[in-house]
Structures are given as structure tokens and as C-alpha cells.
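# Reading the structure
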Amino acid sequence: QVQLVESGGGLVQAGGSLRLSCAASGSIPSLAAMGWYRQTPGKQRELVAVISGRGSPNYADSVKGRFTISRDYAKNTVSLQMNSLKSEDTAVYYCNLARGYLEVWGQGTLVTVSS
């Protein structure tokens, strides 16, 4: 069983920065992708950034150039550095791990950007 624990959310002013971290534990399959999604009330959860098992990152167009995803394969962690935050980045951010039939979600961490 795989578990994900997120940390790092909070309140920040527009233009500021936050760093989210996610630690995976348990039987983690090799080459699993890990990433971040976000959700606001009344909207579907959307991809923010994902990094493949081989280290290739992909970003939503809305965060390109502002967010950076990184991964420590030895520690089974994934982080999201968020810079130049905007009010529209306000959401609950969820860590995700996926490999084949397996998909695991973290509990979510709230990011609030005040304008």
C-alpha cells in the first residue's frame, strides 16, 4: 500500500512563493509518475505538473515558467516550487502517484494567494 503525505501549503501574497512537498511511503512501483493536481470548489481537479518515472516534467500552460517540479528518487519525494503566485492559483493541491492500474492521492494541502 502506498501513502502520500503533503506539506507546505499556506497563505501568501500575490507575487510570492511557496514550496509544496510530498513524501511517498509503502510499496512504490518502479517508474511511477508523481505529480501535483489542484482543485477549486465547483471545478474539476486539474493537472498542475507531473514528472515521469524517468524524470521528464510536464506542466499545465497556466503555470509554465512560474512553477518547477522536482523529484528525489532516493527519498521518494516530489516537490513543487511555486513562484510569482497569482490569486487564480488559490486551490487545494493534491499529490498524485500513478503507475499502470495504481493511482494514489494525498490528502490535499490548501494554497491561498491573496491579491
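Residues numbered from 1 in each chain as written. Predicted model: local features only at pLDDT ≥ 70, side-chain atom pairs only at ≥ 80, totals over all residues. Heavy atoms only, no water.

Scanning the chain from N- to C-terminus turns up 0 helices and 11 strands. The order of helices and strands in the chain, counted from the N terminus, is β-β-β-β-β-β-β-β-β-β-β. Computed over C-alpha atoms, the radius of gyration of the chain comes to 13 Å, within 12% of the 13 Å expected from 2.2 N^0.38 for 115 residues, which places it in the range of a compact globule. For the chain, the share of sequence-separated contacts (at least 6 apart) that also reach a separation of at least 24 residues comes to 53%. With the model as given, the accessible surface of the chain reaches about 6,200 Å², and the carbon-plus-sulfur share is 48%. (Helix = DSSP H or I, 4+ residues; strand = E, 2+ residues; numbered from the N terminus. Rg over C-alpha atoms; globule rule 2.2 N^0.38 Å. Contact = heavy atoms within 4.5 Å. Areas by Shrake-Rupley, 256 points an atom, 1.4 Å probe, with all protein chains shown as cover.)

A positive phi angle, close to 60 degrees, is found at L31, a residue other than glycine. Tracing the backbone shows L31 in the loop between β3 (18–26) and β4 (33–39).

Below, the discussion takes up the pattern of salt bridges. What the rule picks out here adds up to 4 salt bridges. In this structure, the salt-bridge partner of E46 is R38, at a minimum N-O distance of 2.7 Å. R66 is the salt-bridge partner of D89, the closest N and O atoms lying 2.7 Å from each other. You can see D89 sitting in the loop between β8 (77–82) and β9 (91–99) and its partner R66 sitting in the loop between β6 (57–59) and β7 (67–72), a full 23 residues away along the chain. D89 sits in the buried class, given a relative accessible area of 0%. Look at R66 and you get buried, because its relative accessible area is 10%. What you see here is one network of salt bridges that share partners, running through R38, E46, R66 and D89. (Salt bridge = Lys/Arg side-chain N within 4 Å of Asp/Glu carboxyl O. Buried < 20%, exposed > 50% of the residue type's maximum accessible area, 1.4 Å probe, protein only.)

This part takes up the environment of Q39. Within the element layout of this structure, Q39 appears in strand β4. Measuring from C-alpha to C-alpha, the distance between Q39 and Y93 comes to 6.6 Å, with 54 residues separating the pair along the chain. Every residue in contact with Q39, bar those within four places of it in the chain, is listed here: Q44, R45, A91, V92 and Y94. Reaching out from Q39, the side chain makes a polar contact with the backbone oxygen of K43 at a distance of 3.1 Å. At 3.3 Å, the side chain of Q39 forms a polar contact with the side chain of R45. (Polar contact = N/O pair within 3.5 Å; in protein donor to acceptor, adjacent residues only side chain to side chain.)

Two elements, β4 and β9, share 7 bridges in a ladder whose sense is antiparallel. Across the sheet, the residue bridging to W36 is C95, located in β9. Alignment of β9 against strand β11 (residues 109–114), held across 3 bridges, turns out to be antiparallel. Its bridge partner lying in β11, A91 is registered against V111. Of the strand pairs in this sheet, β9 and strand β10 (residues 102–105) are connected by 4 bridges, and their pairing is antiparallel. Within β10, the position partnered with L97 by the bridge is V104. Counted between consecutive antiparallel strands, the loop separating β9 from β10 contains 2 residues, among which G100 sits at a positive phi close to 60 degrees. (Pairing = 2+ DSSP bridges.)

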